[in-house]
Amino acid sequence: MSIENILQALTRLEMLHKSLLEIAYKKTETIKIGDMDSLNQLLKEEQAHVAGISQLEQQRQLEVTDYLRAKGIAPTDNPTVALVLENTNTNEEKEQLEAARNKLLLTLETLKHQNDLNQKLTLQSLQFVNLTLDMLRPKPDQINYSNTEVKGPSKDKTYFDSQA
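Since we're looking at a predicted model, the values are computed, not measured.

(A) The arrangement of the overall build of the protein in detail. The secondary structure content of the protein amounts to four helices and zero strands. For the protein, the α and β elements follow one another from N to C terminus as α-α-α-α. Counting over 164 residues, the protein shows a buried share of 26%. Considering only intrachain contacts with a sequence separation of at least 6, the fraction spanning at least 24 residues in the protein is 63%. Split by element, the accessible area of the protein, about 12,600 Å² in all, is 53% carbon and sulfur.

(B) Just the environment of L85, in detail. With respect to the helices and strands, the residue L85 is situated in helix α3 (residues 81-86). In sequence terms L85 and E98 are 13 residues apart; their C-alpha atoms lie 7.7 Å from each other. Once you skip the residues sitting within four places of it in the chain, L85 turns out to touch K94, L97, E98 and R101.

(C) View of a nonpolar patch on the surface. Side chains of F128, V129 and L133 sit close together on the surface and give an oily, nonpolar patch of about 280 Å² of accessible area. Relative to the helices and strands, F128 resides in helix α4 (residues 91-136). Exposure remark for F128: the relative accessible area of 56% places this residue in the exposed category.

(D) Structural detail: the pattern of salt bridges. Scanning the entire structure with this criterion turns up seven salt bridges. Between E14 and K18 there is a salt bridge, with the nearest N and O atoms lying 3.3 Å from each other. Highlighted residues: E14 and K18, both in helix α1 (residues 4-33), separated by four residues, approximately one helical turn. Since its relative accessible area comes to 8%, E14 is described here as buried. Put simply, D116 and K112 hold a salt bridge, and the shortest N to O gap is 4.0 Å. Taken as a pair, D116 and K112 lie in helix α4 at a separation of four residues, close to a single helical turn.

(E) The packing of α1 against helix α2 (residues 36-70), seen in detail. Running from amino to carboxyl end, α1 crosses α2 at an angle of 165°, the nearest separation of the two axes being 9 Å. Between α1 and α2, the interaxial angle falls into the category roughly antiparallel. Viewed along their axes, α1 and α2 form a crossing whose handedness is left-handed. In the contact of α1 with α2, the residues fall into 16 nonpolar, eight polar and eight charged.

(F) View of the packing of α1 against α4. With their axes 9 Å apart at the nearest point, α1 and α4 run at an angle of 20° to one another. With respect to α4, the axis of α1 lies roughly parallel. The handedness of the crossing between α1 and α4 is left-handed. Of the residues contributing to the contact of α1 with α4, the split by class is 16 nonpolar, ten polar and seven charged.

(G) Structural view of the confidence of the model for the protein. On average, residues of the protein score 86 in pLDDT, and 84% of them are at 70 or above. Put simply, α3 is where the protein has its lowest mean pLDDT, 86, and α1 is where it has its highest, 94.

Calculation notes
Numbers given for residues are sequential positions, taken from 1 along each chain in its written order. Only residues with pLDDT of at least 70 get local features here, since the model is predicted, and only at 80 or more are side-chain atom pairs given and counted; chain-wide, interface and lining totals rely on the full set of residues. Heavy atoms from the whole structure form the basis of all side-chain values; hydrogens and water molecules are not counted. Here a helix means four or more residues in a row that DSSP labels H or I, a strand means two or more in a row labelled E, and each is numbered from the N terminus. To sort residues, take the accessible area from a 1.4 Å probe on protein chains only and compare it with the maximum for the residue type: under 20% means buried, over 50% means exposed, and anything in between is partly exposed. Any two residues whose heavy atoms approach within 4.5 Å at even a single point are treated as in contact. Per-residue and other accessible areas were derived by the Shrake-Rupley procedure at a 1.4 Å probe size, with only the shown protein chains allowed to occlude residues. Each patch is built from residues lacking any salt bridge and having more than 30% relative accessible area; the joining distance is 9 Å for like charges and 5 Å for nonpolar side chains (Val, Leu, Ile, Met, Phe, Trp, Tyr). Just to be clear on terms, a salt bridge is a Lys or Arg side-chain nitrogen sitting within 4 Å of an Asp or Glu carboxyl oxygen. Axes, fitted as lines to C-alpha atoms, cover a helix only where it is in contact. Angles between the N-to-C directions of the axes lie from 0 to 180 degrees. Every angle not falling under 35 degrees, over 145, or within 65 to 115 is termed oblique; those three ranges are roughly parallel, roughly antiparallel and roughly perpendicular. If you view the pair so one helix is near and one far, a crossing is left-handed when the near helix is turned anticlockwise from the far one by less than a right angle, and right-handed when it is turned clockwise. Here the term charged refers only to Asp, Glu, Lys and Arg, the term nonpolar to Ala, Val, Leu, Ile, Met, Phe, Trp, Tyr, Cys and Pro, and the term polar to all other amino acids, Gly among them. pLDDT measures the predictor's confidence residue by residue and takes values from 0 up to 100.

Encoded structure:
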């Protein structure tokens with residue numbers, strides 16, 4: 001059995017992840033300018049990409065499982081390209097798989113970095129909004145504590161009855 005189907009799946013996964021990375025770059029700019037309508041649209045596009053990636057990942061796992069079964073190897077719960085690399089006979093196939101896997105991993109690492117940046121920017125924006133709201137809200141009066149002294153009973157009056 002050939003690794004062509006696995007290579008095609010990896011190539012399509014990389015293409016979808018690169019497209020998702022472009023959306024992440026657009027999200028960064030949208031967060032910077034604060035355009036919520038554009039951000040909502042980008043989030044919808046992102047969800048569609050994630051659904052497509054999930055579908056392709058299932059297909060990739062199926063292709064890897066089929067390849068391993070054809071080689072007489074019992075597939076695991078999470079069939080990986082690393083297992084295929086371990087069980088590939090020719091150097092040419094190994095090189096092709098490693099190149100495709102490394103390209104995908106590089107794209108994933110870049111995407112992860114960009115998503116972390118977007119998360120930090122979103123958190124900073126939220127903190128700014130909360131700070132602004134705190135400044136605009138009126139301060140409540142202190143209920144429990146104040147600077148006034150509590151006056152106790154006067155020293156002239158005692159509660160002890162000495163005649164009893």
